[in-house]
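So you can see what is in the structure, the chains are spelled out below.
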Amino acid sequence: MFTFILKRIAFAILTLLVATFVAFILVHASGSTPGGVALGQSATPEQVVAYNQKIGWYDPWIVQYAHWVGQVLQGDLGVSLIDGRDIAADISKRLPVTAALAVLGTLVSTVIGIALGVTAAVRGGGVDRFITVVTGIMLSLPAFWVGVLLVYVFAVTMRILPATGYVPFANNPEAWAQSLVLPVITIALTAAASLARQTRASMAETLTQEHMRTLRAVGTSTTRIIYVHALRGASLPILASIAIGFIVLFGGSVIIEVLFALPGIGQAMQSAVGSADLPFVQALVLVATLVVVVVNLALELTTRFLDPKLRAS
């Protein structure tokens, strides 16, 4: 197990290096230069060239990348080309917003998705078909449209929740929760529908297995069969769906953060790409890749812990 963990950590580090290097090449191939972005349209070509030479923009790519990796290992992500703010400090302020959105969205979608999936698999018949139709509708609804509809109902018409904005938890926990209700519901609906279908399929397959019939024959209660034995047997694909859902929610929060004016990573990415803030884009790619790598590593370790066949291999 220890050797397996070391191999997975080494693979995770390699993934981080490859992903950030690809992003590094794409940033250089974008056509923009730090001098052109930082000095603006009023700068002369000579001033732009002088700025780029000063920061080593014309050095070989591998030299620049090695220098950037060295800075990152020291906790230095550079400064924004637009306003000179420290990128690491700015991301540390934005990360809790996106993390709260993704974690709460995953929790809500997990509760709703598993409840619907288990109900559909156990009840079958008309209930199964009704839930299948409902999840199909949930999957087909665009997130921004759901968000606009929720804002109109709960913020504009009923006036019980804020339409936009974010309040830090340390300032006011109640206002923090209220500011996240509508974004979390918006982002969780599609993930819940996808998880419900995965749960339904896994549970239906597990409930038809031989040992389930044995449990019924020896008088095990239906509740214990469903929520202990069957749900545990179907847990691996469900767990994988939850982990993938978290990654999608974390990386796909751009539309939700822009719609609800949340100062998170997604909003920063949209702003950095729009303004060609190259160091900021590179740093955000690093953060997003790090989240994916960590979640995948946790998923692999959890899967190996839950599956006896994988533990024995």
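Keep in mind that this is a model prediction, so the values were computed, not measured.

Here the focus is the overall build of the protein chain. When helices and strands are counted, the protein chain shows 15 helices and zero strands. Relative to all contacts within the protein chain whose residues are 6 or more apart in sequence, the contacts with residues 24 or more apart total 72%. Working note: accessible area of the protein chain is about 16,900 Å², and carbon and sulfur atoms make up 68% of it. Separation between the mean location of the 18 positive side-chain charges and that of the 14 negative ones in the protein chain comes to 17 Å.

The next subject is the packing of helix α5 (residues 87-123) against helix α13 (residues 265-274). Close contact between α5 and α13 brings their axes to 7 Å; oriented N to C, the two are set at 125 degrees. Classified by the angle between their axes, α5 and α13 sit oblique to one another. Between α5, through I91, R94, L95 and T98, and α13, the contact on the second element is made entirely by I265, G266, Q267 and A268. Residue classes in the contact of α5 with α13 are distributed as four nonpolar, three polar and one charged.

One pass over the structure, following the stated rule, counts five aromatic pairs. Between F169 and W176 the ring centres are 5.1 Å apart and the planes differ by 90 degrees, which places this aromatic pair in the edge-to-face class. The class for F169 is partly exposed, based on a relative accessible area of 47%. Overall, the relative accessible area of 18% leaves W176 in the buried class. Judged by centre distance (6.3 Å) and plane angle (35 degrees), the ring pair of F246 and F250 falls under tilted. With F246 and F250 both in helix α11 (residues 235-251) and four residues apart, the pair spans about one turn of that helix. You can call F246 buried: its relative accessible area is 18%. Classification of F250 by relative accessible area gives buried; the value is 8%. Here the aromatic residues F21, F24, Y65 and W68 are joined through ring pairs into a cluster of three or more.

The next point concerns the packing of α5 against helix α14 (residues 278-306). Between α5 and α14, whose axes approach to 11 Å, the crossing angle comes to 45 degrees. Looking at the two axes, α5 sits oblique to α14. Here the hand of the crossing between α5 and α14 comes out right-handed. Contacts from I87, D90, I91 and L95 of α5 reach α14 at P279, F280, A283, L284 and V287. Taken together, the residues of the contact of α5 with α14 break down into eight nonpolar, no polar and one charged.

The subject of this paragraph is the nonpolar core. L101, L180, L182, F260 and V295 are the most contacted members of the largest nonpolar core, which has 26 residues in total. When residues of this core are traced back to their parent elements, those giving at least two are α5, α7 (143-157), α8 (173-207), α11 and α14. Here this core takes six residues from α8, the largest share from any one element. Apart from residues no more than four positions distant in its own chain, L180 is found in contact with A100, L101, L104 and Y166. If you look at the next biggest cluster of nonpolar residues, it comprises 24 residues, including V27, V37, L81 and L284.

Parameters at a glance
Residues numbered from 1 in each chain as written. Predicted model: local features only at pLDDT ≥ 70, side-chain atom pairs only at ≥ 80, totals over all residues. Heavy atoms only, no water. Helix = DSSP H or I, 4+ residues; strand = E, 2+ residues; numbered from the N terminus. Contact = heavy atoms within 4.5 Å. Areas by Shrake-Rupley, 256 points an atom, 1.4 Å probe, with all protein chains shown as cover. Lys, Arg positive; Asp, Glu negative; His and termini not counted. Charge placed at Lys NZ, Arg CZ, Asp CG, Glu CD. Axes fitted to C-alpha atoms, helices over the stretch in contact; angles between N-to-C directions. Parallel < 35°, antiparallel > 145°, perpendicular 65-115°, else oblique. Nonpolar A, V, L, I, M, F, W, Y, C, P; charged D, E, K, R; others polar. Phe/Tyr/Trp six-rings, centres within 6.5 Å; stacked < 30°, edge-to-face > 60°. Buried < 20%, exposed > 50% of the residue type's maximum accessible area, 1.4 Å probe, protein only. Left-handed = near helix turned anticlockwise from the far one by under 90°. Core = buried A, V, L, I, M, F, W, Y, C linked by side-chain atoms within 4.5 Å.

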